Amino acid sequence: MTHSGVLSAAGLTKPELTGGKLAVHTPVDGSALGHLHVHSNSDVQKMITKATAAFKVWRAVPAPRRGELVRLLGEELRTEKENLGRLVSLECGKIYQEGLGEVQEMIDICDLAVGLSRQLFGLTIASERPGHAMRETWHPLGPCAVITAFNFPVAPWAWNAALAFICGDPVIWKPSEKAPLSALATLKVFEKALAKFGDAPADLLQVVVGERDTGEVLVASPDVPIVSATGSTRMGSAVGPAVAKRFGRCILELGGNNAMIVAPSADLEMALRAIVFSAVGTCGQRCTSLRRLIVHEDIYDQLIPRLKNAYETLSIGDPLDANVLVGPLIDAAAFDGMTRALAAVQADGGKVSGGGRVLEETYPNAHYVRPAIAEMPSQTAIVQQETFAPILYVMKYRQLDDAIALHNDVPQGLSSCIFSTDVREAETFLSAVGSDCGIANVNIGPSGAEIGGAFGGEKETGGGRESGSDAWKGYMRRQTNTVNYSRDLPLAQGIKFEI
Ligand code: NAD
């Protein structure tokens, strides 16, 4: 299918894609997919006003009925899965299978949210006073801004929006300026669900097109009580304090520097497959990409040569080609970042395999690379940073405690794993003295989380949690209620106050 065929199959029309100031390029060949009209700061303010009006209506709709809208969204996404998956692939460069996987995550969170819409429950709590009942109730909080990154242009929106909608909150979505088309196509899918739903208020979902400054308007507004922002740690360190300053609530999903420990008892066949998928998938541009491999010295010489062989035969190219496993980097800046990191590796005494630019003649305006393996003498400063590219740093260990210390000795804390068939090692890794990340797996790579669990990480990853478990509480306000059904008025803590 041609690029314009992909765009029109996803419902995007010529007038929407022409005449604006924001040029959107595909990383596949660097060509322009469109020039979008950008929202001004006053447009964004008007959107906030509209979202506030929508909130006044939506919060009073019973939650299971709100769930019906999300059920319809899930149905529409099932119908549009291929079209949207292809557009995701074209716009951000991940292979089509991963584009489909991203849309499947949207469907999965819709299913989860529909069930949750009947389960937004609080606790009942024993009161110390006779004839009193105490409980917790959860109420809608208000408009929720969802700021998303280029590498997952639709799924993180859905993790937030499906929950926000059932919780009674309208959503204003600020997609990455590098991948706004998938957001516009998703808005169309949502509008189909809205039409079938019938009586939802206008402006439940609005999409802001623009760069960082449009996001800053949402971040600064006291009328946006929840800001859920996915992106770099640099972005989070600007957004977090700005939202805190006005006492808003922030859900931050920032960078990772994810590692795998491969223990001597590991099933090396499984480890090898998990390493390759999680290190080169999305061309190393997942927040959960495997970046650091900590291998026991006894198996190092068995594992690393096989890994290098697997890397040499990886098919790299157009992500929409079914035979390709590794697509392009997002842009020239990402390629420069990778080049700088590999230079730092050399300066630190590391040994690099792979890592060069490929397919330059076919795609002079795109940036395809062979994923790199960097064998490091130690965990130097470059290893402790997140370079958003397919570089896998490899280090050796002798004692598990040392491996865990090395594992945790980075500023980020998103995802982690151990490959081991020794229950003592595995459970130690998951224990209080083990991995310090938000996600810790055994015999599974660090990427590709399921919807049912809470997703997010610690330290510079920002501390936010999205998706499953009780993440829905982030989109509601908690209220403690005490009801006196007696004929007396006893005060708490036995205080006497007679008038
Ligand atoms: P980025 O930080 O450059 O941009 C992310 C979004 O934030 C964009 O929409 C951008 O316009 C907006 N933004 C930037 N500064 C802002 C500000 N001051 N106020 C408001 N909005 C602002 O990130 P990117 O390059 O698009 O994405 C890659 C990064 O995202 C990586 O670090 C990756 O690890 C991270 N990421 C994290 C997760 C997660 O769930 N933890 C998921 C995907 C990506």
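Use the structure listed above.
Description of the structure in this document. (Residues numbered from 1 in each chain as written. Predicted model: local features only at pLDDT ≥ 70, side-chain atom pairs only at ≥ 80, totals over all residues.)

Of note, Leu120 is situated in the loop between helix 5 (96-116) and strand 3 (124-125). Classification of Leu120 by C-beta neighbours within 10 Å gives buried; the count is 22. For the pair Leu120 and Lys174, spaced 54 residues apart in sequence, the C-alpha separation works out to 27 Å. If we skip the residues at most four places from it in the chain, Leu120 touches Ala63, Trp138, Cys167 and Trp472. (Helix = DSSP H or I, 4+ residues; strand = E, 2+ residues; numbered from the N terminus. Buried ≥ 20, exposed ≤ 12 C-beta atoms within 10 Å, placed from the backbone. Contact = placed C-beta atoms within 7 Å.)

Residue pairs three or four apart in sequence face the same way in an α-helix, which turns once every 3.6 residues. For helix 6 (residues 155-167), which comprises 13 residues, the first-to-last C-alpha distance of 18 Å matches the rise-based estimate of 18 Å (1.5 Å per residue) to within 8%. The buried fraction of helix 6 amounts to 13 of the 13 residues, a majority that puts the element mostly inside the structure. Once helix 6 finishes, Gly168 follows within two positions and takes phi at roughly 95°, a positive value. (Expected span 1.5 Å × (residues − 1).)

Turning next to the site of the ligand. The environment of the ligand is formed by 30 residues, the closest being Ala149, Gly215, Gly231, Glu253 and Cys287. Looking at the shell around the ligand element by element, the count peaks at 4 residues for helix 8 (residues 212-220). Considered class by class, the residues forming the shell around the ligand number 13 nonpolar, 10 polar and 7 charged. (Near = placed C-beta within 6 Å. Nonpolar A, V, L, I, M, F, W, Y, C, P; charged D, E, K, R; others polar.)

What follows covers the sheet that holds strand 23 (residues 476-484). Strand order in the open sheet formed by 3 strands is 3-4-23, with antiparallel pairing between adjacent strands. What marks the edges here is a single partner per strand, and that holds for strand 3 and strand 23. Bridge count for strand 3 against strand 4 (residues 132-140) is 2 bridges, and the pairing is antiparallel. Of the residues in strand 4, the one forming a bridge with Thr124 is Arg135. (Pairing = 2+ DSSP bridges.)

Regular strands place side chains that alternate from one sheet face to the opposite one. What sits between strand 3 and strand 4 in their antiparallel hairpin is a turn of 6 residues, with Gly131 showing a positive phi close to 70°. As paired strands, strand 4 and strand 23 are joined by 9 bridges and run antiparallel to one another. From the neighbouring strand, Ala133 faces strand 23, where its bridge partner is Val483.

Note that every value here comes from positions in space, so none of it alone points to a role or purpose.
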